[in-house]
Structure formats: structure tokens, C-alpha cells
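A structural walkthrough
These are the residues of each chain, in order.
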Amino acid sequence: MDFSFIVVQLISGLTMATFLFLIASGLTLIFGVGKVFNFAHGSFFMIGAYVGYQFSSVWGQNFWLSLLCGGLFAGLLGMVAEFFFLRRIYGRADEGGFQILLTYSFILILDDLVKLVWGTEYKSLAKPPALSGAISMGGIVVPTYNVAVIAIGLAVVVAAWWLLNNTRGGRIARASALDREMLSVLGVNVPMTMTLVFGIATALAGMTGVLAAPLRSVTPGAGIEVIIDSLIVVVLGGLGNFWGAWLAALLIGEVNSFAIVLVPKWATLFSYLVMALTLIFKPEGLFAPRKVRRV
Amino acid sequence: MASIRRIASLCLLLLLTGMLTSALAQEKVIKIGALYPMTGRSGIYGMDSVAAAEMAAEEINAKGGAAGYKIQFINTDSKAKPDYSVTVAKRYISDDKVNFLFGVVSSAVGLALTEVSKQEKKIFIGTDHAATELTVQNLQPYYFRVSNNTFQSMAAGALYLKELAQTKPWKTIAYIGPDYAYGHAQIEELKFNLDRFGVKYQMVGEFWPKLFESDYTSYITSIMQAKPDILVSGFWGGDTVAFIKQAAPYGLFEKSLYFHPDAGGNYELLSAMGDSLPLGLVLSARHHNNWPDTAMNKDYVSKFHKKTGRYPTYAAEGAYVGVYAIAEAVKKVGNPDDTEALVKALEGLKFQQPEDPEGFTSYIDPASHQIVQVQAIGVTVPNTAFPPATRMLGQWKIYKAEDLLPPKEWAAKNKP
């Protein structure tokens, strides 16, 4: 294995990690702030992809505009789902079970909705022409689009860091993760915060759906397929831990990427192995602060 | 009060359905109970199969049916789940009194249903599902398959590679396919056939992403490092789309010949990818919308298009042919109830199909109950006759049906 190949494989892992993170970040954000596990998160990813397809391939709009619209639509739909449905089950005994059932029903409904509107054939979305080539440097070839995806992923990380640390909204979101009751006593509209966070997270999923569409097949059922890998990332990072999700995505991406080279026959096993070991030895997540354990 | 009314209306409903079924029972019918998936990733194959089977039934019924019997085709969403499909199949037999079990896309469902068919002595006409063992080690008297199995595709593939070596010498092969039975069977069968036809090759890598993997980047860069002359692929459906989209900007298709003889040439792929499908890929499928260039095939494709507004994926032709196989067998026997006589009629049944080229007629091999068909492998070329696809297959290479059946050594190697 020569050096340039290692670099190529590292970049491949990074591409995978970026998509994993972009989906998992919303999932973990919703869990962190509202203790809701949104099983249907992948379906908002799928809806985004289809709306992007509609704008870009059917109506011939600019790719970036389609990306924006896909995100916006998924975000609005997310807010509707939270406001009219999820909100009704907060605080029930056994809320967890209801969350899974309710969000699972969203998956089925959204899958069928997509089938009604767009049919079951595979849909395709073209890359923006400027990004369709590849960058080649010293024997290393990387598609321009993959570089753009990695850059967008990094931009989201930086933007999220800035928003969460330096804005009032970010501080409210973090506070709501720690103590919802106290926050509402201080005069913050906590339910509204939750709806907004849900909207932001699902919008992110929708945008990721459009971003991934030129590399994947847009198909009903895509939602349930991406949720498993994202779930691994969320659990590894520590449920609700935004930065943990980022590190976990990087870990899974790279482990997978090198497993494919070194043990191709068992490559798919490794991400699950990492998760199983984590659940046994550090169930609060690889990157969660230690204190949780001592409670 | 309300509950009494509810009970009364329920009774009325039951009465009505009872009258309806008895009214139907007076007409002479051949009941076909199908189990195609209508949801999930394979939903498109199910929808196309049902549309094509209904088309065949309408055609046959319009001509007065088979031996005076009208065809009645019913489908239940199999959800591609074996255990669920078994329950439905048993209900078909006990309650609906079907004459034939029919269909299925997934080989896992096929393997489960062939057991029901064997126990209940009910003929099962298999379409689309391709696991070779159904007509080799798991063969039972009441199972017949009217679309080709992976062995036939791979035998044709091996012959293609053999010819290729004469014009464009190649040495190394890598394989990528989904990590489950279908993916593994294809490469095993290709290797067996390459050996059988005396083709020398060196395997430089086997890659096993999971089914429905969404990100192939790391696989692609790994394959490029292995530098195979030929990249054999065993994907189906959206996985092929995702793989090709992700691999194209890396220049993989300029460095290795992409070779995908079982499901690569399915129309869904051609239509989904449009201009982004690279030229020069070597693909095939179980039916092609533009080959053979016969009146029957053209007629079939255009009728399907008229009925559904889209061109068919290959699954559709299997279902279409399956209904005709039943009609032909019933015509021979004179009724759809004498199962043993129908089995005899189906064994060796020979009838013209849309995918038969001029001068050849497909037939069911009496020994293996497997349809024997000509295989065509093509190369992606520009062609806008079947929109939204802008590439179709061309530069066809044709392989004789008799060369593609599993030989005795294969059956011996794969005993039950």
C-alpha cells in the first residue's frame, strides 16, 4: 500500500463520514435538545432528495436553489410533524415507545406519499456542471463533487459550533438540553424552541438528501436505509452529543474505508463491531464526558 | 342500537361478497394467485410484473380464454418477505382455491413458496427470481421457471469474456456484488463457467458491500488500486445506479471494463441514469426493450407502454410469458384442475416469446423445469428511442440457449 493510495482511501472515508455526520447531526441535535428519537429522520432526507429532484430535474432549476428548496421543504414538514403530532406525546409515561411508534408511522406515510407523487422508478439528479469533473494531483484523483461535499460538511460543523456557542438561540438550545423546566420558568418558550430545533434538524437532513442525490439513487425506502448507519454514529458519539457525532462519523468512515482494503470479505462487519464494543464497554458513547457513568 | 346496526351491515356485506363470489364461480376460470412485491426497492418490478401479467390475461381472455376458461389474476403484496408470502400462498390455496401460484421477485420468497407448492401439490410458475438452486438442488415436480437463472446469465458472460480475450487480451478480474446469496452465486457461477470454457484469468479482488449500500467511494478507490482489466458486477437496481454515478468521476470505466451480465442492462437503470450512463459498459438483462428486433417484441413493448405510460423493466416480460405458459398448458390439458396432467404439459412446453429472436422458440427443459432461452449481451450506446433513457444496449453478442444450461457436474457439485 503506497502513500498516495492511503491518502486516496482516507479521502474516500472522509466522503462517507461527511454524509454520515450530516444526517446524524440532526438526529443527535433533536435527541440532545428534546430527548426525542426521530426514527423518521432518514425520511426527511428522502423527501429533501425528491423535492430537489423536482426542482432540478423536472423544473430545470439551478442545483443550489434546489438544494435550498429541498432543505426548506423538509424543514417545514419537520416543523409540522413536531407541532401537530410529536408535541402531543411529550411527557407521557413510556414516551420512548410512543416516539418510536409515531416516528415509524411517519416513515411509512412519507414512503407512500413519495410513491404516490413520484412513482417507484429510480430518480436521478445531475451534479452542478462546475463540479462534475475530478481533481488530480500527484497520482491522486478525487471527484470535485466529493471535495465540495467534504467542504460543505466542514462548513456545517463550523457554523453549528458558532451558532451553538455565540448566539442566544444556541444558548437556549443548549440550556433546553440541560433543564427544560428551569428554562421555561426563566420565560423561554420551550415548546417553540423544540419546534424550531426540529425544523433546523430536518432541514439539514433534507439538504443532505439533495446533496447525496447526484451520487445515489433516489428511491422510496431510502429513509430507512440511511437511518441505521446514522444511528450507529449517534450511539457511538453519545446520544445527543453533537461533537461526539462528528468524531464518530469520522471514525466509522475511516474504519470502513480501510476495512474494505484490508479485509474485503468482512468489511461491512466493522462498523457494527465498533458499535457493539462501545455499547458493552462505554455505553454512554465513545465521546461522552465521563461523569455520566458515576451517577 | 349502533352495534346492532353495525352487525346488520356486516351481515349484508358478507352476503353481498358471497353472492359475488358465487356469481364468479359460475364462469369457468383459471385462478392465478401471484405474490409480487408492490412496496420497497423491488416495488417497481412487482408493479411492472402485475401490469404485464394483467395485459397477458386481457389478451388471452379477449380471444375467448384458454380451453374456454377465462384467466383471473390476483396479486397480494409479498412485501418481499418469505414467511408472510407463505401465509398468503396457503390462504390462496385453501380459501381462494387458486389453480396456480405465480410470480415473485425475491429468490428467498421463491425458495419458501416452492416448499408450499411441493407440499400442497400446487403448480408454482416462477418469474423473475433467478437463484439457480430452484431448478437444480431445490427442484420439485410442481415448480417451473419461465425466466432465466443466474447460471444462464453467467454462462453467457463467460463465453463473452472468452471471445473478448481473442480481440482484446485481458488477464485480471475483480468482482463487486451485494453481500448475500445473489451476489455470491453470480461470481461462483461465473468462475465455474470460465473454468468450464477453459478461460484463463486471475482474480485480483472480491468486494462485498452490503445490499442497498449508499456509499461506494471506498470500494471504488480500492478497486482502482487493484487495477483489474475486467470489473464484474453483481448489483441490481438502485445499487447499480449509485455505484456507476460514484465511480464515473474517478475514471474507473476508462481503466477497467465494466461487465454486468445478469441485471446490469435492466431498463430501470438505463432510464434512471440518462446521459450520466457511461458508454461502452457491457451489460445484459433477462429481457431487452430493443432486442430482438422482432414484431412480437416490438408489439409487447409498445402495448406495455400504452397501458402504463412507461417502458417495462425486465421483470415484466417474465410475468407476461408466465401467464401465457399457463394458458398454453391449460389448452393442452383442457382444464386447469388436473395438476399432474398440467405438469406433463408444462414439461417441454414450447412457445414463442417476446425475447425469442428469429428462428428460435423458447421451451421448458423437461428435466430441470427451467426455461431455455437465447441470451444477448450488449454494450451501452446512444439511443433515444425509449425515453427517458438516452442510452440503450447495442453491438449485441448472441449466445445459444443450449450452451447455457447447468451441466451435470454443476448439479453434482451442488447436491441438496
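Since we're looking at a predicted model, the values are computed, not measured.

Topic: the overall build of chain B
- Of regular secondary structure, chain B possesses 14 helices and 14 strands.
- The C-alpha atoms of chain B give 22 Å as radius of gyration, which agrees with the globular expectation for 416 residues (22 Å, within 12%).
- Principal axes of the C-alpha set define a box for chain B whose edges measure 75 × 50 × 40 Å.
- Buried positions account for 62% of the 416 residues belonging to chain B.
- Sequence-distant contacts in chain B: of pairs separated by 6 or more residues, those separated by 24 or more amount to 69%.
- A total of about 15,900 Å² of accessible surface is found on chain B, and carbon and sulfur atoms cover 57% of it.

Digging into helix H1 (residues 3-34) of chain A
Residue and element names in this part refer to chain A.
- Given a rise of 1.5 Å per residue, 32 residues ought to cover 46 Å, and the 45 Å separating the end C-alpha atoms of H1 matches this to within 8%.
- Along H1, the helix axis deviates most sharply at Ala24, where the bend reaches about 25°.
- Of the residues one or two after H1, Lys35 is the one with positive phi, at around 55°.

A few points about helix H2 (residues 43-62) of chain B
- Counted at 1.5 Å a residue, the expected span for H2 of chain B with its 20 residues is 28 Å, and the 28 Å between its end C-alpha atoms agrees.
- Summarising burial for H2 of chain B: 16 of the 20 residues are buried, a large majority.

Observations regarding a nonpolar patch on the surface
Residue and element names in this part refer to chain A.
- A grouping of Leu262, Val263, Trp266, Leu269, Leu273, Leu277, Ile280 and Phe281 is seen on the molecular surface, where their side chains present a nonpolar patch of about 840 Å² in accessible area.
- When residues of the nonpolar patch are assigned to their parent elements, the largest contribution, five residues, is made by helix H11 (residues 269-281).
- Structurally, Val263 can be placed in the loop between helix H10 (242-262) and H11.
- On the basis of relative accessibility, which here comes to 32%, the residue Val263 falls in the partly exposed class.

Considerations on the sheet that holds strand S13 (residues 375-382) of chain B
Residues and elements named next belong to chain B.
- Here we have seven strands laid out as an open sheet, ordered S7-S6-S8-S9-S10-S13-S14, and mixed in their pairing. The open sheet has two edge strands with one neighbour each: strand S7 (202-207) and strand S14 (391-399).
- As paired strands, strand S10 (residues 282-283) and S13 are joined by two bridges and run antiparallel to one another. By the bridge assignment for S13, Leu283 is matched with Gly378.
- Across the sheet, helix H5 (residues 150-167) touches strand S6 (172-176), strand S8 (230-233), strand S9 (257-260), S10, S13 and S14, and the angle it forms with S13 is around 65°.

Considering the side chain of Thr28 of chain A
- With respect to the helices, strands and loops of the structure, Thr28 of chain A is situated in helix H1.
- Apart from the residues lying within four places of it in its own chain, the contact partners of Thr28 of chain A are Val234, Gly238, Leu239, Gly240, Asn241, Phe242 and Ala245 of chain A.

Some words on the pattern of salt bridges
- In the structure shown here, the tally under the stated rule is 18 salt bridges over all chains.
- As a salt-bridge pair, Lys210 of chain B and Asp229 of chain A come within 3.4 Å of each other at their nearest N and O atoms. Within this pair, whereas Lys210 of chain B is found in the loop between S7 and helix H7 (217-226), its partner Asp229 of chain A is found in helix H9 (residues 222-237), the two belonging to separate chains.
- Measuring nitrogen to oxygen at the nearest pair gives 2.8 Å for the salt bridge that ties Lys303 of chain B to Glu59 of chain B. Placement of Lys303 of chain B in helix H11 (residues 295-308) and of Glu59 of chain B in helix H2 is noted, with a sequence separation of 244 residues between them.
- Beyond isolated ion pairs, a larger network of salt bridges with shared partners links Glu225 of chain A together with Arg41 and Asp239 of chain B.

Overview of the domain arrangement of chain B
Residue and element names in this part refer to chain B.
- When its domains are assigned, chain B resolves into domain 1 (27-148 + 293-372) and domain 2 (151-285 + 375-413).
- Look at where the C-alpha atoms of domain 1 and domain 2 centre, and you get two points 27 Å apart.
- At the interface, 18 residues of domain 1 touch 25 residues of domain 2.
- When the buried surface of domain 1 facing domain 2 is broken down by residue, Arg41, Tyr311 and Tyr314 rank first, second and third, together holding 34% of it.
- Here domain 1 and domain 2 share one salt bridge between them.

Observations regarding the side chain of Asn266 of chain B
All names here are of chain B.
- Mapping Asn266 onto the fold places it in the loop between S9 and helix H10 (267-273).
- Since its relative accessible area comes to 1%, Asn266 is described here as buried.
- Among the polar contacts listed, one links the side chain of Asn266 to the backbone nitrogen of Tyr314, at a separation of 2.9 Å.
- Setting aside residues up to four positions removed in sequence, Asn266 forms contacts with Tyr45, Ser284, Ala285, Thr313 and Tyr314.

Here we look at the pairing of strand S4 (residues 123-126) of chain B
Residues and elements named next belong to chain B.
- Here S4 shows two buried faces, one formed by Ile123 and Ile125 and the other by Phe124 and Gly126.
- In the sheet, strand S3 (residues 100-103) pairs with S4 via four bridges, with the strands oriented parallel. Within the sheet, the bridge partner assigned to Leu101 lies in S4 and is Phe124.
- On the question of chirality, the crossover connecting S3 to the parallel S4 by way of helix H4 (residues 107-120) is right-handed.
- Sheet topology places S4 next to strand S5 (residues 143-145); three bridges connect them, and they run parallel. Each bridged residue has a counterpart across the sheet, and for Phe124 the counterpart in S5 is Tyr143.

A look at the packing of H1 of chain A against H10 of chain A
All names here are of chain A.
- Relative to each other, H1 and H10 sit at 145°, their axes nearing to 7 Å. Crossing of H1 over H10 shows right-handed handedness.
- Here the residues of the contact of H1 with H10 sort into 17 nonpolar, eight polar and one charged.

A few points about the interface of chain B and chain A
- Contacts between chain B and chain A engage 34 residues on the former and 40 residues on the latter.
- Summed over both partners, the interface of chain B with chain A comes to about 3,000 Å²; 52% of that surface belongs to carbon and sulfur atoms.
- Remark: the boundary between chain B and chain A carries 15 residue pairs in polar contact (both at pLDDT 80 or more).
- Secondary-structure elements contributing two or more residues to the side of chain B that touches chain A are H2, S7, H7, helix H8 (238-247) and H10 of chain B.
- Among the elements that make up the side of chain B that touches chain A, the one with the highest residue count is H7 of chain B (six residues).

What about the nonpolar core?
- The biggest cluster of nonpolar side chains holds 90 residues, and the ones touching the most others in it are Phe102, Ile123, Ile125, Phe243, Tyr258 and Leu346 of chain B.
- By residue number, the principal contributor to this core is helix H12 (residues 314-333) of chain B, which donates 13 residues.
- Two domains each provide a minimum of three residues to this core, namely domain 1 (27-148 + 293-372) and domain 2 (151-285 + 375-413) of chain B.
- Filtering out sequence-adjacent residues up to four positions away, Phe243 of chain B remains in contact with Ile176, Tyr216, Ile220, Ile223, Leu231, Phe235, Leu252 and Tyr258 of chain B.
- Ranked by size, the runner-up nonpolar core spans 72 residues in total, among them Ala40, Tyr50, Val156 and Ala213 of chain A.

Quick look at the sheet that holds strand S2 (residues 70-75) of chain B
All names here are of chain B.
- A sheet is described by the order of its strands in space; here five strands give the open sequence S2-S1-S3-S4-S5, paired in parallel fashion. Two strands bound the open sheet, and with one partner strand each, they are S2 and S5. Across the sheet, the mean angle from the axis of one strand to that of its neighbour is 25°, orientation sign disregarded.
- Along the sheet, helix H13 (residues 339-346) contacts S3, S4 and S5; its crossing angle with S4, the most-contacted strand, is approximately 30°.

As for the packing of aromatic side chains
- Considering all chains together, one arrives at 33 aromatic pairs over all chains under this definition.
- Ring geometry for Phe21 of chain A against Phe242 of chain A: centres 5.8 Å apart, planes inclined by 80°, an arrangement best described as edge-to-face. Taken together, the positions of Phe21 of chain A in helix H1 and Phe242 of chain A in helix H10 put the pair 221 residues apart, joining distant regions of the chain. Each member of the pair Phe21 of chain A and Phe242 of chain A is classed as buried.
- Centroid distance Tyr311 of chain B to Phe386 of chain B: 5.1 Å. Interplanar angle 75°. Geometry classified as edge-to-face. Placement of Tyr311 of chain B in the loop between H11 and H12 and of Phe386 of chain B in the loop between S13 and S14 is noted, with a sequence separation of 75 residues between them.
- Residue Tyr311 of chain B is classed as buried on the basis of its relative accessible area, which comes to 14%.
- Relative accessible area serves as the criterion here: at 13%, Phe386 of chain B is assigned to the buried category.
- An aromatic cluster is built from Tyr216, Tyr219, Phe235, Phe243, Phe253 and Tyr258 of chain B, whose rings are joined through pairwise contacts.
- Over the ring of Phe19 of chain A we find Arg216 of chain A, and its NZ or CZ is 4.8 Å from the ring centre.
- Across the ring face of Tyr69 of chain B, the terminal group of Lys28 of chain B is positioned such that the distance to the ring centre comes to 4.8 Å.

Here is what the cut-offs are and how they apply
Residues numbered from 1 in each chain as written. Chains lettered and ligands numbered in written order. Predicted model: local features only at pLDDT ≥ 70, side-chain atom pairs only at ≥ 80, totals over all residues. Heavy atoms only, no water. Helix = DSSP H or I, 4+ residues; strand = E, 2+ residues; numbered from the N terminus. Rg over C-alpha atoms; globule rule 2.2 N^0.38 Å. Buried < 20%, exposed > 50% of the residue type's maximum accessible area, 1.4 Å probe, protein only. Contact = heavy atoms within 4.5 Å. Areas by Shrake-Rupley, 256 points an atom, 1.4 Å probe, with all protein chains shown as cover. Expected span 1.5 Å × (residues − 1). Bend = angle between axes of the 7 residues up to and from the residue. Patch = residues over 30% accessible without salt bridge, like charges linked within 9 Å, V, L, I, M, F, W, Y side chains within 5 Å. Salt bridge = Lys/Arg side-chain N within 4 Å of Asp/Glu carboxyl O. Pairing = 2+ DSSP bridges. Axes fitted to C-alpha atoms, helices over the stretch in contact; angles between N-to-C directions. Domains from an automatic or database assignment. Buried area = accessible area lost by both parts, 1.4 Å probe. Polar contact = N/O pair within 3.5 Å; in protein donor to acceptor, adjacent residues only side chain to side chain. Right-handed = clockwise from strand over helix to strand, strands pointing away. Left-handed = near helix turned anticlockwise from the far one by under 90°. Nonpolar A, V, L, I, M, F, W, Y, C, P; charged D, E, K, R; others polar. Core = buried A, V, L, I, M, F, W, Y, C linked by side-chain atoms within 4.5 Å. Phe/Tyr/Trp six-rings, centres within 6.5 Å; stacked < 30°, edge-to-face > 60°. Lys NZ or Arg CZ within 6 Å of the ring centre and 35° of its normal.

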